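# Working through the structure, step by step
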Amino acid sequence: MNRIDNLTKGFIKENPLFVSVLGMCPSLAVTTSLENALGMGIGVFFVLTLSNFIVSLVMSNKTLADLVRPVRIPVYIVIIATLVTVVEMLMHAFLIDLYKSLGVFIPLIVVNCIILGRAEAFASENKPLDSVLDGIGMALGFTGAIALISIFREFLGAGTITVWGDFGLNLTFIFNFLHMEPIGLFIQPVGAFLSFGLILATLTAIGNKNKERIAAREATVNG
Amino acid sequence: MNSGLKSGLVLLILGIISGTLLAVVNYFTAPIIDELELQEKNAAIAEFYDLTNYNLTEVAVAEGNVETVYVLTNKTTDAIDGLVYLVTASGYGGDVKMMIAVNSDYTVQGYKVVSHSESPGYGAEIVGNDFNVSDITDLSGFDAVAGSTYTSNAILACFQYVEDRIVGDFGGALNESN
């Protein structure tokens, strides 16, 4: 049960983006299309899972942990940066199209707070297997969250939803039907902040409603 | 042992390990990446000219906005039939990089935006757009992309950089400078 919790808590309960509000910079930058968001998700998935694994491996060995503890933040950063560079080189060699569309955002994974945050908050205090599960869950939660933002932005901003390469949906007919143009503002950086704010507010409102409902139910049961 | 020294040693060892790992990965991926870049370049030029009829030589131009000129020499007549310019100009969001292919009679064989960082929905419309340029020495008919003044100016600048050099380059200036 605990194992499954480690995996699933990243999806909604402790979603890195909508609950912890971590890793904002790449999330706002790459969500101009669903394709970019998914690519970023794949990169974060590899790096987060591996970095959680390595960090927990190092920190679960007592002698190593004592040596590393005073300088753990630089150590984490070096581990993460190495992994990101490896992922970047492999992507450049074997997934050239994805590499091109992600461009500058791959190195940005190094400074993604989610990865450093999970290394410090979870992986350094837990067993390797739990940390890997936590990494997978958090990465999936992150990917889901940026996918949601990107669908919102791409649809409003360009009228399309690009899943991968040429495969996608063209929904411009909806705008034609309403006699209006797609709102290009949503693809711009300003639109990223607006979309994120709107989605975050909606999700928080839903969350609060749920909490009230649960509280009300408990009150009737107890009373 | 002094704790500061110990921490320094830990970081040094970690640095050596990660450096070695990166060197190993780089050793395996670098040739593949170089090969891909070469293929991509040839594929881009092959969009303009049939490479089986031409010998391709690369002239690196160190000055200004023209990075490289690819010279296409006809295999049978040994004459320079075309020049492909790799040229950059700054747009709205960063550099716009273009390939412009020009025939020896100054007609434009083709052009292509290689890379850019313009806004999606606005400046990014330049990819695959027809700018109505058929003669490099006459850019009066240049058709801009509506709503993207900065980006269109960058494209026009790319054409102008080529226009400035083209007569000299076909006149043999390329050989003299190298």
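Residues numbered from 1 in each chain as written. Chains lettered and ligands numbered in written order. Predicted model: local features only at pLDDT ≥ 70, side-chain atom pairs only at ≥ 80, totals over all residues. Heavy atoms only, no water.

Here we take up the environment of D138(B). Along the polypeptide, D138(B) turns up in the loop between β5 (108-115) and α2 (149-177). Put simply, D138(B) and A124(B) are 14 residues apart on the chain and 25 Å apart in space, counted from C-alpha to C-alpha. (Helix = DSSP H or I, 4+ residues; strand = E, 2+ residues; numbered from the N terminus.)

Right, let's get into the sheet that holds strand β4 (residues 95-103) of chain B. Where strands meet in a sheet, backbone hydrogen bonds hold them as pairs that are either parallel or antiparallel. Residue and element names in this part refer to chain B. Strand order in this open sheet of five strands is β1-β2-β3-β4-β5, and the pairing throughout is antiparallel. Every interior strand has two partners, whereas the edge strands, β1 (54-60) and β5, have only one. Within this sheet the neighbouring strands show an average axis-to-axis angle of 20 degrees, counted without direction. With seven bridges joining them, strand β2 (residues 66-74) and strand β3 (residues 80-90) adopt antiparallel strand pairing. Bridge pairing links Y70 to V84 in β3. (Pairing = 2+ DSSP bridges. Axes fitted to C-alpha atoms, helices over the stretch in contact; angles between N-to-C directions.)

Time to look at the packing of helix α9 (residues 128-158) of chain A against helix α11 (residues 189-222) of chain A. Residue and element names in this part refer to chain A. One can describe the packing of α9 onto α11 by two numbers: an axis separation of 10 Å at closest approach and a directional angle of 120 degrees. If you check the angle between α9 and α11, you find them oblique. Judged by the twist between their axes, the crossing of α9 over α11 is right-handed. Facing L148, I149, F152 and R153 of α9, the residues of α11 in contact are G191, A192, S195, F196, L198 and I199. Each residue belonging to the contact of α9 with α11 can be placed in one class, and the counts come to seven nonpolar, two polar and one charged. (Parallel < 35°, antiparallel > 145°, perpendicular 65-115°, else oblique. Left-handed = near helix turned anticlockwise from the far one by under 90°. Contact = heavy atoms within 4.5 Å. Nonpolar A, V, L, I, M, F, W, Y, C, P; charged D, E, K, R; others polar.)

A separate point is helix α1 (residues 3-46) of chain B. Residues and elements named next belong to chain B. Between its first and last C-alpha atoms α1 spans 62 Å; for 44 residues at 1.5 Å apiece the expected length is 64 Å, and the two agree. Maximal helix bending in α1 amounts to about 35 degrees, located at T29; proline P31 follows within four positions. Turning to α1, its buried residues number three or more, namely S7, V10, L14, S18, V25, T29, I33, A44 and I45. Capping the start of α1, N2 holds a side-chain oxygen 2.8 Å from the backbone nitrogen of G4, two or three residues further along. (Expected span 1.5 Å × (residues − 1). Bend = angle between axes of the 7 residues up to and from the residue. Buried < 20%, exposed > 50% of the residue type's maximum accessible area, 1.4 Å probe, protein only. Polar contact = N/O pair within 3.5 Å; in protein donor to acceptor, adjacent residues only side chain to side chain.)

Let's shift gears to the pattern of salt bridges. All names here are of chain A. By the definition in use, this model includes seven salt bridges over all chains. A salt bridge links R69 to D66; the shortest N-O distance between them is 3.7 Å. Sharing partners across several salt bridges, the network here consists of K9, R118 and D134. (Salt bridge = Lys/Arg side-chain N within 4 Å of Asp/Glu carboxyl O.)

A few words now on the domain arrangement of chain B. All names here are of chain B. Domain annotation for chain B reports domain 1 (1-46) and domain 2 (51-177). Centre-to-centre separation of domain 1 and domain 2, based on C-alpha positions: 34 Å. Across the boundary between the two partners, domain 1 contributes five residues, which contact eight residues of domain 2. Per-class residue counts for the side of domain 1 that touches domain 2 are three nonpolar, one polar and one charged. (Domains from an automatic or database assignment.)

Before going further, it helps to examine a nonpolar patch on the surface. Taken together, the side chains of F177(A), L178(A), M180(A), I183(A), L185(A), V190(A) and L194(A) make up a nonpolar region of the molecular surface, amounting to roughly 650 Å² of accessible area. Take V190(A): it is sitting in helix α11. (Patch = residues over 30% accessible without salt bridge, like charges linked within 9 Å, V, L, I, M, F, W, Y side chains within 5 Å. Areas by Shrake-Rupley, 256 points an atom, 1.4 Å probe, with all protein chains shown as cover.)

The next point concerns the interface of chain B and chain A. Opposite the 19 residues of chain B that make contact, chain A presents 22 residues. In total, chain B and chain A occlude about 1700 Å² of area from one another, counting both sides; carbon and sulfur atoms represent 81% of this. If you sort the residues of chain B by the area they bury against chain A, V10(B), L14(B) and L22(B) come out on top, with a joint share of 24%. The tally of links from chain B across to chain A stands at zero salt bridges. Between chain B and chain A we count zero residue pairs in polar contact (both at pLDDT 80 or more) in total. (Buried area = accessible area lost by both parts, 1.4 Å probe.)

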